[in-house]
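Here is how the chains run, residue by residue.
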Amino acid sequence: MKPLRVALLGCGVVGSQVIRLLHEQADDLAARVGAPLELAGVAVRRLGRKRDVEVDPALLTTDAESLVARDDVDIVIEVIGGIEPARGLIVSALSRGKSVVTANKALLAEDGATLHEAARVGKGDLYFEASVAGAIPLLRPLRESLAGDHVKRVLGIVNGTTNYILDKMDSTGASFNDALEEAQALGYAEADPTADVEGFDAAAKAAILAGLAFHSRVTAAAVHREGITEITATDVASAKAMGYVIKLLAICARSDDGRSFGVRVHPAMIPRTHPLAGVREAYNAVFVEAESAGQLMFYGKGAGGAPTASAVLGDLVAVARNRLAGTRGPEESTYADLSAHPMGETVTRLHMALDVADKPGVLARVAELFAKHDVSIQTVRQEGHGDDAQLVIVTHRATDAALTATLEGLRELDIVRAVTGVMRVEGDD
């Protein structure tokens, strides 16, 4: 059959692996698709740069716009990242009726609406499995396999860099800076790790997950975001002593009345018995809780050239099959049109340590303040005596606004010298 022609935008870590797989698995891919997949061109920034894969120089071009516009191109793969020029190139391809495969979580989370609208008007496919959790098949199960179910919650580890850092802090007692330097030396963290350690990367992925899970349009701006830069070795050791481990979690959950949802990214303590506690190194894992299917767990390599390229090729096969059959994959589903409620309305739990005066009546005054804000205490224990006296408290579930008001009140009490070790608790209720 006539080959399907593929334009590749970007030939970096992921793009080079896409080219390798296209070459090495050409016969298998042709058999799975029903027609050969032929590389029509590769858009790069610099022609003379040394690459991790051998590329026919005749395929290389710095003119991505012209490559996308070519009549002989059927499918465009975008792996350059960022907002522009990626957005313009993808819209250009879709408006011309071409199908697009992208790994661009930042763009999808900021302006996915524009991309989906271009796909609808141009009648092309827009697939983006590689944008979240690398090689893990996660988005297609949400978009297709669970389309007949009611997803209630998505919870997981979606950033390998932060998981590696927190895992090393837990297993070796390393400081945040030392663990970060090790991650950078191994290539898990960028020279500028801000997007990872401040939670921006995970927030973009959480927005995509929430949109698919709750059939609503969600942007990264709706995601409550906290990073891990303030977590100390002492915090990690304290959690470990209590049977917990600290993870950076992405959490998307419907409200009890089903009229809104919360979407957040922040570090949290989870019990060491929880399956997510055993996710080590730079791996990812995500729980999906659906009304009929129950709990499903997806686990695997969440980043890296080859794993991400695997997801890209999976999407490529899907859109290629659709083109041959004259059909399209599912469009964006936003019929529910739910809104994201503010973090203050989110129900969660807190762990905290209070440096207090060691004298009678302290616990009673602390308990009184908790009751004032309608926050109940699950566990409390006292450690040390005299100037070293400390109350370690874990609350029951309450709104984040009530917990925040409680913390502010504690800091104003004359019997409380300091409030430390403040951390949300998830996964054991």
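What comes next is a walk through the structure.

Further remarks concern the overall build of the chain. Check the secondary structure of the chain and you find 14 helices and 18 strands. At 24 Å, the chain has a C-alpha radius of gyration in line with the 22 Å of a compact globule built from 429 residues. Along the first, second and third principal axes, the C-alpha set of the chain runs to 85 × 45 × 30 Å. When each of the 429 residues of the chain is scored for burial, the buried share is 53%. Pairs at least 24 apart in sequence give 73% of the contacts found in the chain among residues at least 6 apart. Carbon and sulfur atoms make up 48% of the accessible area of the chain, which totals about 18800 Å². Taken together, the 44 basic and 58 acidic charged side chains of the chain have centroids lying 4 Å from each other.

With that out of the way, let us pick up the environment of A402. Note on placement: A402 falls in helix α14 (residues 400-412). On the basis of relative accessible area, A402 is assigned to the buried category, the value being 15%. With 225 residues separating them along the chain, A402 and N177 place their C-alpha atoms 33 Å apart. In this structure, A402 is in contact with H373 and V375, ignoring residues within four places of it in sequence.

Evaluated as defined, the whole model comprises three aromatic pairs. When the centroid spacing of 5.2 Å and the interplanar angle of 35° are considered together, the rings of F214 and F261 count as tilted. Within this pair, whereas F214 is found in helix α10 (residues 200-214), its partner F261 is found in strand β10 (residues 260-271), the two being separated by 47 residues in sequence. Given a relative accessible area of 0%, F214 falls into the buried group. On the basis of an interplanar angle of 10° and a centroid distance of 5.3 Å, the ring pair of Y283 and Y299 is categorised as stacked. Within this pair, whereas Y283 is found in strand β11 (residues 283-290), its partner Y299 is found in strand β12 (residues 294-301), the two being separated by 16 residues in sequence.

Burial along strand β5 (residues 99-102) is two-sided: S99 and V101 facing one way and V100 and T102 facing the other are all buried. In this structure, strand β4 (residues 75-78) lies alongside β5, joined through four bridges in parallel fashion. Residue pairing in the sheet places I75 in a bridge with S99 of β5. The β-α-β motif built from β4, the intervening helix α4 (residues 86-95) and the parallel element β5 has right-handed crossover chirality. Where β5 lies against strand β6 (residues 126-127), two bridges are found, and the strand directions are parallel. Its bridge partner being in β6, V101 is matched across the sheet by Y127.

A separate point is the nonpolar core. Residues L138, I165, L209 and V288 are the most contacted members of the largest nonpolar core, which totals 76 residues. Looking at which element gives the most residues to this core, the answer is α10, with 11 residues. Residue contacts for L209: discarding those within four places in its chain leaves V132, L138, L139, L142, V154, V158 and C252. Ranked by size, the runner-up nonpolar core spans 34 residues in total, among them L29, L37, V42 and V44.

Turning next to the pattern of salt bridges. Inspection of every chain in the model, using the stated rule, returns 21 salt bridges. In this structure, the salt-bridge partner of E289 is K152, at a minimum N-O distance of 3.7 Å. Note that E289 is positioned in strand β11 and K152 in strand β7 (residues 151-157), a separation of 137 residues in sequence. Among the residues examined, E289 registers a relative accessible area of 24% and is labelled partly exposed. Put simply, R5, E38, R70 and D72 are held in one network by salt bridges that share partners.

When the terminal C-alpha atoms of helix α1 (residues 13-24) are compared, their 17 Å separation across 12 residues agrees well with the 16 Å that a helix rising 1.5 Å per residue should span. By the burial criterion, the buried members of α1 are V14, G15, S16, Q17, V18, I19, L21 and L22. Along its buried surface, α1 packs onto β1 (4-9), α2 (26-33), β2 (37-43), β4 and α12 (305-325).

A separate point is the packing of helix α13 (residues 362-372) against α14. Contact geometry of α13 with α14 gives a least axis separation of 9 Å together with a crossing angle of 145°. The hand of the α13/α14 crossing is right-handed. On α14, the residues touching V366, L369 and F370 of α13 are T406, G409 and L410. Among the residues making up the contact of α13 with α14, the classes are represented as four nonpolar, two polar and no charged.

Within the secondary structure layout, H274 lies in the loop between β10 and β11. Judged by its relative accessible area of 17%, H274 falls in the buried class. One polar contact links the side chain of H274 to the main-chain amide nitrogen of L276, over a distance of 3.0 Å. The contacts of H274, once residues within four sequence positions are left out, are F287 and G427.

To continue, consider the sheet that holds β5. The sheet built from six strands is open, its strands ordered β3-β2-β1-β4-β5-β6 with parallel pairing. Edge positions in the open sheet fall to β3 (60-61) and β6, since each of these has one partner strand only. The strands that α1 touches are β1, β2 and β4; relative to β2, the one it contacts most, it runs at about 155°.

Rules used throughout
- Residues numbered from 1 in each chain as written.
- Predicted model: local features only at pLDDT ≥ 70, side-chain atom pairs only at ≥ 80, totals over all residues.
- Heavy atoms only, no water.
- Helix = DSSP H or I, 4+ residues; strand = E, 2+ residues; numbered from the N terminus.
- Rg over C-alpha atoms; globule rule 2.2 N^0.38 Å.
- Buried < 20%, exposed > 50% of the residue type's maximum accessible area, 1.4 Å probe, protein only.
- Contact = heavy atoms within 4.5 Å.
- Areas by Shrake-Rupley, 256 points an atom, 1.4 Å probe, with all protein chains shown as cover.
- Lys, Arg positive; Asp, Glu negative; His and termini not counted.
- Charge placed at Lys NZ, Arg CZ, Asp CG, Glu CD.
- Phe/Tyr/Trp six-rings, centres within 6.5 Å; stacked < 30°, edge-to-face > 60°.
- Pairing = 2+ DSSP bridges.
- Right-handed = clockwise from strand over helix to strand, strands pointing away.
- Core = buried A, V, L, I, M, F, W, Y, C linked by side-chain atoms within 4.5 Å.
- Salt bridge = Lys/Arg side-chain N within 4 Å of Asp/Glu carboxyl O.
- Expected span 1.5 Å × (residues − 1).
- Axes fitted to C-alpha atoms, helices over the stretch in contact; angles between N-to-C directions.
- Left-handed = near helix turned anticlockwise from the far one by under 90°.
- Nonpolar A, V, L, I, M, F, W, Y, C, P; charged D, E, K, R; others polar.
- Polar contact = N/O pair within 3.5 Å; in protein donor to acceptor, adjacent residues only side chain to side chain.

All we've got here are geometric facts, nothing functional implied.
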